[in-house]
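Chain by chain, the residues run as shown.
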Amino acid sequence: MNNINLAEPALRKAISIAPNYADALNNLGYCFIQKDKLDSAIILCTAASKIDTTYFRPYGNLGAIYLRKNDFQKGYYYFQKAHALNPNDESVNTALQGLNEIMQNK
């Protein structure tokens, strides 16, 4: 958690200088996920995904957020978007595999 606390001010500064820097928005969103500030993380990751529609990480983060909110449908949707952009990402593939199993058992 200490690294998250150190990263947050630097990311905020980067965003203040370059508000359309998708990587900084996404990474600040990740910091908020770690602090369980999920609604703020959604705003940041969504903004990052709109700035760079080819960047898969915001979609993966949105998938993780919605899993934490127990919204498996939305989580699955965002992990599928991440997978479409980067089909070789191990964490996205693992999440999709787990979600497939959960959704098949419902």
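Let's talk about the state of the cysteines
Stage number 1. Applying the stated criterion across every chain, the model contains 0 disulfides.
Stage number 2. Looking at the unpaired Cys31, the closest cysteine sulfur is the one in Cys45, lying at 10 Å.
Stage number 3. The exposure class of Cys45 is buried, given its relative accessible area of 0%.

Overview of the pattern of salt bridges
Stage number 1. Across all of its chains, the model carries 4 salt bridges by this definition.
Stage number 2. For Arg12, the salt bridge goes to Glu8, with nearest N and O atoms at 2.9 Å. On the criterion of helical spacing, the pair formed by Arg12 and Glu8 is a turn pair, its members being 4 residues apart in helix 1 (residues 2–17).
Stage number 3. Judged by its relative accessible area of 44%, Arg12 is partly exposed.
Stage number 4. Notably, a salt bridge pairs Lys35 with Glu8, separated by 2.5 Å at the nearest N-O pair. Residue Lys35 is found in the loop between helix 2 (22–34) and helix 3 (38–51), and its partner Glu8 is found in helix 1; the two are separated by 27 residues along the sequence.
Stage number 5. Judged by its relative accessible area of 25%, Lys35 is partly exposed.

What counts as what
- Residues numbered from 1 in each chain as written.
- Predicted model: local features only at pLDDT ≥ 70, side-chain atom pairs only at ≥ 80, totals over all residues.
- Heavy atoms only, no water.
- Disulfide = S-S within 2.5 Å.
- Buried < 20%, exposed > 50% of the residue type's maximum accessible area, 1.4 Å probe, protein only.
- Salt bridge = Lys/Arg side-chain N within 4 Å of Asp/Glu carboxyl O.
- Helix = DSSP H or I, 4+ residues; strand = E, 2+ residues; numbered from the N terminus.

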